[in-house]
Amino acid sequence: MRIRFSLAWLKPAQAPVKAFKSSAAFSLVREYTERIGHFLPCETGAYPSLSKDGSVRRIVADRTKSCVWVCERGKKSKAVASEDLAKELQKCMNSGVQVLEIVIGGPDGFTDQALDEMKPSFRWSFGPLTLPHELAVVVAAEQLYRALTILHRQPYHSGH
């Protein structure tokens, strides 16, 4: 399985570094995707399914090949502990999918229509906090790395 952080505000041909106003935020995303890469192939790019108005242009037809997680605020999203995120990741890995696509919304989030059409298998929230979308990518990448270290019983999570 490979992991793809899909940035909804990034244009399809645009380099991921251009999606960040802060070079420090991009540097952290790159750091965590490199760490994730020790466990699974990982990349960051545009989410090709969203048009500029937030509607979905393409729907992933075969869910046996792709698993979509959406990072968003809202009542339908689930705030989870790191250990529970690791369990969700393990379920995805055990399902045999080829790609885990983690979609991060832009400054305006997602429309209800876009969420309905994406049919995410997991709606992930960082709690009631409002985070800038660039920082949300950093948090998502760090938490995914943490989940992988939990699954591989490495000391990162426990602080040893």
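Heads up: the structure comes first, above all this text.
Residues numbered from 1 in each chain as written. Predicted model: local features only at pLDDT ≥ 70, side-chain atom pairs only at ≥ 80, totals over all residues. Heavy atoms only, no water.

1. Here's the deal with the sheet that holds strand β6 (residues 122-125)
- The 6 strands are arranged β2-β1-β5-β3-β6-β4 in an open sheet whose pairing can be described as parallel. Two strands lie at the open edges of the sheet, namely β2 (42-46) and β4 (78-79), each paired on one side alone.
- Across 6 bridges, the pairing between strand β1 (residues 2-7) and strand β5 (residues 99-104) is parallel. The residue of β5 that forms the bridge with Phe5 is Ile102.
- Against the sheet, helix α2 (residues 82-94) makes contact with β3 (66-71), β5 and β6, and its axis sits at roughly 155° relative to β3, the strand it touches most.
- Helix-sheet contacts for helix α4 (residues 133-151) involve β1, β3, β5 and β6, and the interaxial angle to β1 is about 165°. (Pairing = 2+ DSSP bridges. Helix = DSSP H or I, 4+ residues; strand = E, 2+ residues; numbered from the N terminus. Contact = heavy atoms within 4.5 Å. Axes fitted to C-alpha atoms, helices over the stretch in contact; angles between N-to-C directions.)

2. Details of the pairing of β1
- Within β1, 5 of the 6 residues are buried, which leaves it mostly tucked inside the rest of the structure.
- Where β1 lies against β2, 5 bridges are found, and the strand directions are parallel. Its bridge partner lying in β2, Arg4 is registered against Glu43.
- Read as a crossover between parallel neighbours, the route from β1 over helix α1 (residues 23-36) to β2 is right-handed. (Buried < 20%, exposed > 50% of the residue type's maximum accessible area, 1.4 Å probe, protein only. Right-handed = clockwise from strand over helix to strand, strands pointing away.)

3. Quick look at the packing of α1 against α4
- Packing of α1 against α4 leaves a shortest axis separation of 9 Å and a crossing angle of 20°. In terms of orientation, α1 and α4 fall into the roughly parallel class. The chirality of how α1 crosses α4 is left-handed. Contact with α1, carried on its side by Ala25, Leu28, Val29, Tyr32, Arg35 and Ile36, involves Val137, Val138, Ala141, Glu142, Leu144, Tyr145 and Leu148 of α4 and no other residues of that element.
- Here the residues of the contact of α1 with α4 are counted per class, giving 11 nonpolar, no polar and 2 charged. (Parallel < 35°, antiparallel > 145°, perpendicular 65-115°, else oblique. Left-handed = near helix turned anticlockwise from the far one by under 90°. Nonpolar A, V, L, I, M, F, W, Y, C, P; charged D, E, K, R; others polar.)

4. As for the state of the cysteines
- Applying the stated criterion across every chain yields a total of 0 disulfides.
- Free cysteine Cys92: the closest other cysteine sulfur is in Cys67, separated by 3.2 Å. (Disulfide = S-S within 2.5 Å.)

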